[in-house]
There are 2 protein chains.
Amino acid sequence: MRLSQYFLPLLKETPSEAQIVSHRYMLRAGMIKQQAAGIYSWLPLGLRALDNVEKIVADELEKAGCVRVLMPTLQPTELWKESGRYDALGKEMLRFKDRADRELLYSPTCEEMIIDIFRSYVKSYKALPLNLYQINWKFRDEVRPRFGVMRGREFLMKDGYSFHTTLDDAKREYSKMYDVYHNIFKRLGLTAIAVSADSGAIGGNLSHEFQVLAETGESQVYYDQRFDDIRDGKLSLSGEEMRGLYAAADELHVPEKCPIPKENLREARGIEVGHIFLLGRKYTDAMGIDVTGPEGAVRVEMGTYGIGVSRLVAAIIEASHDDNGIIWPESVAPFRVGLINLRPGDVNCEEACNLIYNTLTAKEVPILYDDTDERPGGKFASMDLIGTPWQIIVGPKGLERNVVELKSRKTGEKQEVSVESALAKLLG
Amino acid sequence: MRLSQYFLPLLKETPSEAQIVSHRYMLRAGMIKQQAAGIYSWLPLGLRALDNVEKIVADELEKAGCVRVLMPTLQPTELWKESGRYDALGKEMLRFKDRADRELLYSPTCEEMIIDIFRSYVKSYKALPLNLYQINWKFRDEVRPRFGVMRGREFLMKDGYSFHTTLDDAKREYSKMYDVYHNIFKRLGLTAIAVSADSGAIGGNLSHEFQVLAETGESQVYYDQRFDDIRDGKLSLSGEEMRGLYAAADELHVPEKCPIPKENLREARGIEVGHIFLLGRKYTDAMGIDVTGPEGAVRVEMGTYGIGVSRLVAAIIEASHDDNGIIWPESVAPFRVGLINLRPGDVNCEEACNLIYNTLTAKEVPILYDDTDERPGGKFASMDLIGTPWQIIVGPKGLERNVVELKSRKTGEKQEVSVESALAKLLG
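Note that the structure is a prediction, hence the values are computed from the model and not measured.

Participant: Residues and numbers for the interface of chain B and chain A, please.
Facilitator: With 51 residues of chain B in contact, the opposing surface of chain A contributes 51 residues. For the chain B and chain A pair, buried surface summed over both sides reaches about 4,500 Å², with 67% attributable to carbon and sulfur atoms. The interface formed by chain B and chain A holds four salt bridges in total. The closest approach of N and O atoms between A:Lys33 and B:Asp116, which form a salt bridge, is 3.0 Å. Linking chain B to chain A there are 16 residue pairs in polar contact (both at pLDDT 80 or more). Sort the elements by how many residues they give to the side of chain B that touches chain A and helix α5 (residues 111–121) of chain B lands first, with five residues.

Have a look at this one:
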């Protein structure tokens, strides 16, 4: 993409309403625009990051055998009366009437509707286990939406639901999803700590929150120091071993009962980016969901698995930035390469830039080419702000010596290399 | 995908509420499920088709230099009061209050919000022209939602908006989008006729509707017979030549003033799948949108361009089906290949099927492998119903002669070929 033909509205000033770094950088980098309290437009750069997160989440789920569906944002309220949550959810659930005076709600989560789909079609135990998921916009009418998309009202969520004939099988799937979630967060460049948590309004027998550590996190978490070792690369554990490590959310951590010695316990702030629940029969009892088994009716056991997709974009920035801006992990970066032409109009610079741009574009490497008349200092600052993992800086003096500058956003390291070497490195 | 691990709830009976063929087949093929009047869940098979349509639409727009954004489904009503459409749109626009008693609406279209984004960031004529688009769910509270996703209330729409400093430049972009739309519909396997149309509630100076001909269409269209020749492959015209052909919607066709002789005029029913509008200054006057030009303020000229993405899935089925089910164009097919194992459990059949399945999966050819215990007749009927363009039928008798059957869903033609030839043909 050539910047001259793109829509990247960077802000010079730090918006005063933004209290946390991800919110500030998302506004300054032209990723989002607030349209109402907790309701955002995603501008081109932000949408590319959001899409990348969504694709990684979907890819790992598909590999794990989950099957994707899409439920509508608006739903009739009848299903929620059936499950008993129509009254339980209160004002966070946005309800209103359509022109025919029928009550609708904007989906805050979809247990009821997925069960409605399930019972319409699945009659036999032979179709189980089944794990269906969707990625779609939800609405929760928070009293105090804040921190940008970190705690928005309209937000993109992955919600998955599994169906089983036995509680043991539901537990097996729960453990599998626990591992899948770790894979997802790892691919997103994050270390998430799965803490035992209260299952709240969703309910069920067992639940884990996946917390990304960050000073601005809203949750207090307690965990085995070995999670730090895993993050720092000193330790590698299997899914089963990780599941054995102690970690608990604030409300479940009782110091006197903590099973690990105090010197091994760490305490930090976390951002909740995922939550898995072993539901058991909470909903299937309320809604009377059976399948026919080999010896008659079997009550269905369930699990449910959520990931905050739009929140993850902010969480990644909280976990990976410096004073100059965002440092995207390569997997999520809206553009992997930023190409800076220091002297547009100069024949050699134009030629080298076009070669780099066309070569990488042909190989489908996402590249943003700053071909504008902005001064070099401004171009450097913008590229650092939007955080492309790699920068290629092309100037007339370097080209006289047949070199361009290749800069790693993460380390700040700059190398003078030939155009061919730069391309080889990025395509390697 | 192995059918035994998929969620494909086919219906044996034709649902009585479905009046048109696309609605019947979408229900029978397990593509959608109604959740309320005009509100649908997209089941796995339907969602794959919807995604494919969306990708083609996005791909052609990106190639044409359009830049993607995403606006929220819920919007504050203030912007609509500014443009004057808060009152104009009536009950089709769903409005309600949040917990803080602020009025919100579910976006039926986004002229106001995209202008709000534009005016927040774009100050100079140098940033123009600019063409921004999104693909997102909209809601229109139709009095009589019907025909499945053809006329739903919650529907997926591509809406694009362009900004210009002169009306001439807006006209140039309008013509460009006219051609891009023809490319999009062609890639979707459709021939769309662009008819001069009334610009209705959107407004503006000039508009064209893109109509796909189908008996069940809700619009009456009049057009130059040469459109039929283009569809039948007898004639090939440039974008400019096509733009010169006569075609008009019912309300704009005046027989006495029709510029082409009666014998060249055709009359048919059409499904509206796209609509482009040369808006001019309708909205920018109402909302006072200027940019600074070389000689002072310039009022911005606009165009707007819509495509009914979810409706297109139904329109494609209306245009391409037979008595046995859907006939997907390859570009849109949820699965390109259906693999039928006539005797699961037979070693040779399993081995051949696994080879075919693994080879095509490794090459990213979307394939649905019917590995279930269903009887052959049922498997044939199901595969015809869901309309995979190619079927590979593997049975023990054929394998004795080293052949499988390769069937084209469109022509019905069957060939006995070796596994290697079948693979070569599908990968070729």
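Participant: If you had to explain the pairing of strand β14 (residues 290–293) of chain B to someone new, which residues and values would you point to?
Facilitator: All names here are of chain B. Residues Val-291 and Gly-293 line the buried face of β14, whereas the alternating positions Asp-290 and Thr-292 sit on a face that is not buried. Pairing of β14 with strand β15 (residues 296–299) involves four bridges; the strand directions are antiparallel. Residue pairing for β15: Thr-292 is matched across the bridge by Ala-297. The antiparallel hairpin formed by β14 and β15 contains two residues in its connecting segment.

Participant: An account of the sheet that holds strand β6 (residues 103–106) of chain B is requested, with residue identities and associated values reported.
Facilitator: All names here are of chain B. Pairing is antiparallel across the open sheet formed by three strands, whose spatial order is β4-β6-β5. Bordering the open sheet on either side are β4 (74–76) and β5 (95–97), each of which pairs with just one other strand. In this sheet, neighbouring strand axes are inclined to one another by 40° on average, regardless of whether the strands run parallel or antiparallel. In the sheet, β4 pairs with β6 via three bridges, with the strands oriented antiparallel. Following the sheet pairing, Leu-74 is matched in β6 by Tyr-106.

Participant: Explain the pattern of salt bridges to me, and be specific about the residues and the numbers.
Facilitator: Side-chain pairs of opposite charge can arise whenever the charged atoms involved come near each other. By the definition in use, this model includes 64 salt bridges over all chains. Note that B:Arg151 and B:Glu218 form a salt bridge whose closest N and O atoms lie 2.7 Å from each other. Residue B:Arg151 is found in the loop between β7 (130–139) and β8 (154–164), and its partner B:Glu218 is found in the loop between β10 (206–213) and β11 (219–224); the two are separated by 67 residues along the sequence. Beyond isolated ion pairs, a larger network of salt bridges with shared partners links A:Lys33, B:Glu82, B:Asp116 and B:Arg119.

Participant: Residue-level account of the relation of the copies chain B and chain A, with values.
Facilitator: A rotation about an axis combined with a shift along that same axis relates the two copies of the chain. Rotating chain B by 180° and translating it 0.0 Å along the rotation axis places it on chain A, where the RMSD comes to 0.0 Å. Such a combination of turn and shift is consistent with a two-fold rotation axis. Within chain B, the C-alpha atom positioned nearest to the axis of rotation is that of B:Phe96, 3.0 Å from it. Mapped onto chain A, 100% of the interface residues of chain B are again interface residues, and the two copies thus contact each other with one and the same surface.

Participant: Can you lay out helix α11 (residues 347–362) of chain A for me, pointing to particular residues and giving the numbers?
Facilitator: Residue and element names in this part refer to chain A. Between its first and last C-alpha, α11 extends 22 Å over 16 residues, near the 22 Å set by a 1.5 Å rise per residue. Residues of α11 that are buried: Cys-349, Ala-352, Cys-353, Ile-356, Tyr-357 and Leu-360. All buried residues of α11 project into a common sector of 125° when viewed along the axis, lining one side. For α11, the exposed residues lying more than 90 degrees away from the buried face are Val-347, Glu-351 and Ala-362. Buried residues along α11 sit against β19 (337–341), β20 (367–370), β21 (390–394), α13 (396–400) and α14 (419–427). Taking the backbone nitrogen of Asn-348 as reference, a side-chain oxygen 3.1 Å away marks Asp-346 as the first, capping residue of α11. Residue Glu-364 follows α11 closely and has a positive phi angle near 60°.

Participant: I'd like a description of the nonpolar core, backed by residues and values.
Facilitator: Membership of the largest hydrophobic core comes to 222 residues, with the highest contact counts inside it found for A:Met31, A:Phe185, B:Met31 and B:Phe185. With residues up to four places along the chain from it excluded, the contact list for B:Met31 reads B:Met26, B:Ser41, B:Trp42, B:Leu43, B:Leu45, B:Gly46, B:Ala49, B:Val313, B:Ile317, B:Ile326 and B:Trp328.

Participant: Explain the side chain of A:Ser107 residue by residue, including any values.
Facilitator: You can see A:Ser107 is positioned in the loop between β6 (103–106) and α5 (111–121). Sequence-distant contacts of A:Ser107, that is, excluding residues within four places in its chain, are made with A:Pro72, A:Thr73, A:Gln75, A:Lys138 and A:Phe139.

Participant: Quick rundown of helix α10 (residues 309–319) of chain B? Include the residues and the values.
Facilitator: Most of α10(B) is tucked away: 10 of the 11 residues are buried. For α10(B), the complete set of buried residues consists of B:Val309, B:Ser310, B:Arg311, B:Leu312, B:Val313, B:Ala314, B:Ala315, B:Ile316, B:Ile317 and B:Glu318.

Participant: Please provide a residue-by-residue account of the domain arrangement of chain A, values included.
Facilitator: Residues and elements named next belong to chain A. By domain assignment, chain A separates into domain 1 (3–325) and domain 2 (337–427). The straight-line distance from the C-alpha centre of domain 1 to that of domain 2 is 38 Å. At the interface, 13 residues of domain 1 touch 11 residues of domain 2. Around 1,000 Å² of area is buried between domain 1 and domain 2 when both sides are counted, 64% of it from carbon and sulfur atoms. Among the residues of domain 1 in contact with domain 2, Leu-3, Leu-10 and Asn-324 are the three that bury the most area, contributing 43% of the side total. Taken together, domain 1 and domain 2 are joined by one salt bridge. Note that Asp-322 and Arg-409 form a salt bridge whose closest N and O atoms lie 2.8 Å from each other.

Conventions used here
Residues numbered from 1 in each chain as written. Chains lettered and ligands numbered in written order. Predicted model: local features only at pLDDT ≥ 70, side-chain atom pairs only at ≥ 80, totals over all residues. Heavy atoms only, no water. Contact = heavy atoms within 4.5 Å. Buried area = accessible area lost by both parts, 1.4 Å probe. Salt bridge = Lys/Arg side-chain N within 4 Å of Asp/Glu carboxyl O. Polar contact = N/O pair within 3.5 Å; in protein donor to acceptor, adjacent residues only side chain to side chain. Helix = DSSP H or I, 4+ residues; strand = E, 2+ residues; numbered from the N terminus. Buried < 20%, exposed > 50% of the residue type's maximum accessible area, 1.4 Å probe, protein only. Pairing = 2+ DSSP bridges. Axes fitted to C-alpha atoms, helices over the stretch in contact; angles between N-to-C directions. Least-squares fit on C-alpha atoms with pLDDT ≥ 70 in both. Expected span 1.5 Å × (residues − 1). Arc of directions from axis to C-beta. Core = buried A, V, L, I, M, F, W, Y, C linked by side-chain atoms within 4.5 Å. Domains from an automatic or database assignment.

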